[in-house]
Amino acid sequence: MLLTKTANVKWYYKTKEYYENKGYVFTKFNDIFEVSIEDLYEGSSVYVEYQCDFCGKKRNKVYKDYTDSKKNDFTNKDACRGCYPIRKEENMKIRQRKGILKRNDPYYWKFKENRLEELKLYIEKHGTLDSITMGEGIIINQQMNNYKDDLEEMVNELGYSLFDLVSRIPIGYYDDFNKLEKNILVLIEKYSRFPRLAECQNEGISQYIIDKHGGIDEIKRKMKYYDDTDLIDDRGWYNKSSYEYMVAQFLISYNIPYKREQYPFPNSEREFRSDFTLFPLNKEPIHVEVWGYNDKLDNDIEMEYSKRKKEKKELYEKYGVNLISIEKSIFKDTKYHQIIESLYIIFKDFLEIKYVHVEDAIIIPTNLISDEELFDKIMEYSDNDDCLPNTSRSFDKKGFGRLYKEIIKRYDSFSDFGKKFNMITFNEKMKNDKLNIQQFNI
Ligand SMILES: [Zn+2]
């Protein structure tokens, strides 16, 4: 906003006619006279005061410079030197709106709609984005990088799919974990499970990309993808069995350092790995094997397993490698706190460890259902909404036994489990009902 209202000027030959036309009466050359600011000659070199419409500062300027700065201005605002870029940007916005901003104008690429338009024209002309980093594409690509555009998002916005426009997945595409996740979700849908490495590779997700994101297990973890068979311990390791899982959780609880899947034997026996390796101070490492089957041989798998187990045990003997052998029997049909006890007894023979209390919940495999889910599932077997299922009748029903066993592992009794959910057992209900009837009869 111009603050100066009037200005003193002299009569000059050059401006005499101009001012006379404005109604000023000539006296003589070099005489000073006062003019209203609207009448001031636009090339005048008198100083005028204006206020910046952006920051409010008051500034002086030669009137000619002032009028020059108003040329090509669409904002109708005054800007001090500091605020000039703000006014410029506002001007560019107006020009963009009016459709008169040109490709070479400084702000042209700043508008996403222009970058989109350029990209659209490029796609229409070339039909592919394979050469976007070359020739005509260079500037578009450069500007998109400048403004951190996401090529795929832009392409989608134009109604295309990136994968239809490229013959190879662009370098760095999967640096963005969200993109990897999105495409793995598609593969999960396709295979109804987490894709295997080879399946990922078929889709252009290379080993390099997988490794870059920490490997399959790490990706699963980041995606919060859990298979029924996944037994991820507190160190993020995917255990092969619930027994291994329990041992891992035990060792973690006891702060016992270990490594997984190490080679206990010389290179000639590289096919063998142990489940855990412990490193006691000033002693040889100790390997831990968690055996998955008992020694009774009911079928081919158990026979094969047993053979391999025997072979492995012999190798431990042969090479004199320390072994902690954990048999299946300590896990089977045992309460969790007893499993913890057994593991403590086993490990304390080899390591100097002090007893610590470990909650059952720590070693209950995370893939097993929660108490709440267990309760919902068990109630499906009950004929009454107000009591637990009748156990003497339910064991014949498919699946009941497995759930019941799990409950008994976690609770001292079926009745104790019911108490947690304010649910009585079938027998308790019978007793209550009888009592009620008796009272009624009185
Ligand atoms: Zn300003």
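Right, let's walk through the structure included here. Model, not experiment: these values are computed from the prediction.

1. Brief notes about the overall build of the chain
Here is step 1 of the chain: A tally of helices and strands in the chain yields 20 helices and 10 strands.
Here is step 2 of the chain: Taking 442 residues into account, the globule formula puts the C-alpha radius of gyration at 22 Å, and the chain, at 41 Å, lies well above it.
Here is step 3 of the chain: Principal-axis analysis of the C-alpha atoms gives the chain an extent of 125 × 85 × 50 Å.
Here is step 4 of the chain: Here the contacts in the chain between residues at least 6 apart in sequence split such that 48% fall between residues at least 24 apart.
Here is step 5 of the chain: Just so you have it, the chain exposes about 27300 Å², and 49% of that area is on carbon and sulfur atoms.

2. Structural notes on the coordination of the zinc ion
Here is step 1 of the chain: Coordination of the zinc ion by the protein involves C52 (SG), C55 (SG), C80 (SG) and C83 (SG), with metal-donor separations of 2.3 to 2.4 Å.
Here is step 2 of the chain: Because the angles between the four donor atoms bound to the zinc ion fall within 105 to 116°, the donor set is best described as tetrahedral.
Here is step 3 of the chain: Each donor residue of the zinc ion belongs to the same chain, and together they define the spacing C-x2-C-x24-C-x2-C. Placement of the pair is C55 in the loop between strand 3 (47-51) and strand 4 (58-62) and C83 in the loop between helix 2 (63-70) and helix 3 (84-98), with a sequence separation of 28 residues.

3. Considerations on the pairing of strand 3
Here is step 1 of the chain: With burial as the criterion, only one face of strand 3 is covered, namely that bearing V48 and Y50; the residues Y47, E49 and Q51 on the opposite face remain uncovered.
Here is step 2 of the chain: Bridge count for strand 3 against strand 4 is five bridges, and the pairing is antiparallel. Of the residues in strand 4, the one forming a bridge with Y47 is V62.
Here is step 3 of the chain: Hairpin geometry of strand 3 and strand 4 is characterised by an intervening segment of six residues between the two adjacent antiparallel strands and by a positive phi of about 85° at G56.

4. Some details on the pattern of salt bridges
Here is step 1 of the chain: Per the stated rule, a full pass over the model turns up 31 salt bridges.
Here is step 2 of the chain: The shortest N-O distance in the salt bridge between R115 and D149 comes to 2.6 Å. Pair noted here: R115 is in helix 4 (residues 112-126) and D149 is in the loop between helix 5 (137-146) and helix 6 (151-157), with a separation of 34 residues, a long-range link.
Here is step 3 of the chain: Across the salt bridge formed by R410 and D371, the nearest N and O atoms sit 2.7 Å from each other. Pair noted here: R410 is in helix 18 (residues 400-410) and D371 is in helix 16 (residues 371-379), with a separation of 39 residues, a long-range link.

5. A few points about the side chain of T277
Here is step 1 of the chain: Structurally, T277 can be placed in strand 8 (residues 276-278).
Here is step 2 of the chain: Side chain to side chain, T277 and S274 meet in a polar contact 3.4 Å long.
Here is step 3 of the chain: At 3.2 Å, the side chain of T277 forms a polar contact with the side chain of H287.
Here is step 4 of the chain: Those residues in contact with T277, other than ones at most four positions away along the chain, are P257, Y258, K259, Q262, P285, I286 and H287.

6. Quick notes on helix 8 (residues 177-191)
Here is step 1 of the chain: Given a rise of 1.5 Å per residue, 15 residues ought to cover 21 Å, and the 21 Å separating the end C-alpha atoms of helix 8 matches this to within 8%.
Here is step 2 of the chain: Taken together, the buried positions of helix 8 are F177, K179, L180, N183, I184, L187 and I188.
Here is step 3 of the chain: Here helix 8 starts with a cap whose side-chain oxygen sits 3.0 Å from the backbone nitrogen of N178, and that cap is D176.
Here is step 4 of the chain: S192 sits one or two residues past helix 8 and shows a positive phi near 60°.

7. Observations regarding the pairing of strand 9 (residues 286-290)
Here is step 1 of the chain: Across the five residues that make up strand 9, a large majority, five, are buried.
Here is step 2 of the chain: Both faces of strand 9 are covered, namely the face carrying I286, V288 and V290 and the face carrying H287 and E289.
Here is step 3 of the chain: Inspection of the sheet shows strand 9 paired to strand 10 (residues 322-326) by five bridges, in the parallel sense. Residue pairing for strand 10: V290 is matched across the bridge by I326.

8. Section: the side chain of S415
Here is step 1 of the chain: Note on placement: S415 falls in helix 19 (residues 414-420).
Here is step 2 of the chain: Residue S415 is classed as buried on the basis of its relative accessible area of 17%.
Here is step 3 of the chain: There is a polar contact of 3.4 Å between the side chain of S415 and the side chain of E428.

9. A word on the sheet that holds strand 10
Here is step 1 of the chain: The mixed open sheet is built from four strands, whose spatial order is 7-8-9-10. Single-partner strands in this sheet number two, and they are strand 7 (258-260) and strand 10. Neighbouring strand axes in the sheet, compared pairwise and without regard to direction, differ in orientation by 25° on average.
Here is step 2 of the chain: Sheet analysis places strand 8 next to strand 9, joined by three bridges and oriented antiparallel. Among the inter-strand pairings, L278 is bridged to a residue of strand 9, identified as I286.
Here is step 3 of the chain: Helix 14 (residues 336-348) contacts strand 8, strand 9 and strand 10 of the sheet and is inclined by roughly 165° relative to strand 10.

10. Things to note about helix 14
Here is step 1 of the chain: Between its terminal C-alpha atoms helix 14 stretches 18 Å, which fits the 18 Å expected from 13 residues at 1.5 Å a residue.
Here is step 2 of the chain: Buried positions along helix 14 lie against helix 12 (242-253), strand 8, strand 9, strand 10, helix 15 (360-363) and helix 18.

11. A few points about the environment of G135
Here is step 1 of the chain: Tracing the sequence through the fold places G135 in the loop between helix 4 and helix 5.
Here is step 2 of the chain: Remark: the alpha-carbon pair of G135 and M246, spanning 111 residues in sequence, is separated by 60 Å.

12. What to know about the packing of aromatic side chains
Here is step 1 of the chain: Tallied over the entire structure, the rule returns 34 aromatic pairs.
Here is step 2 of the chain: A centroid spacing of 6.4 Å and a plane angle of 50° characterise the contact between Y13 and F29, whose relative ring orientation is tilted. Placement of Y13 in helix 1 (residues 13-21) and of F29 in the loop between helix 1 and strand 2 (32-36) is noted, with a sequence separation of 16 residues between them.
Here is step 3 of the chain: For Y13, a relative accessible area of 73% gives the class exposed.

Conventions and cut-offs
- Residues numbered from 1 in each chain as written.
- Predicted model: local features only at pLDDT ≥ 70, side-chain atom pairs only at ≥ 80, totals over all residues.
- Heavy atoms only, no water.
- Helix = DSSP H or I, 4+ residues; strand = E, 2+ residues; numbered from the N terminus.
- Rg over C-alpha atoms; globule rule 2.2 N^0.38 Å.
- Contact = heavy atoms within 4.5 Å.
- Areas by Shrake-Rupley, 256 points an atom, 1.4 Å probe, with all protein chains shown as cover.
- Donors = N, O, S within 2.8 Å, 3.2 Å for Na, K, Ca; no water.
- Tetrahedral: all angles 85-135°; square planar, octahedral: opposite > 155°, others 65-115°.
- Buried < 20%, exposed > 50% of the residue type's maximum accessible area, 1.4 Å probe, protein only.
- Pairing = 2+ DSSP bridges.
- Salt bridge = Lys/Arg side-chain N within 4 Å of Asp/Glu carboxyl O.
- Polar contact = N/O pair within 3.5 Å; in protein donor to acceptor, adjacent residues only side chain to side chain.
- Expected span 1.5 Å × (residues − 1).
- Axes fitted to C-alpha atoms, helices over the stretch in contact; angles between N-to-C directions.
- Phe/Tyr/Trp six-rings, centres within 6.5 Å; stacked < 30°, edge-to-face > 60°.

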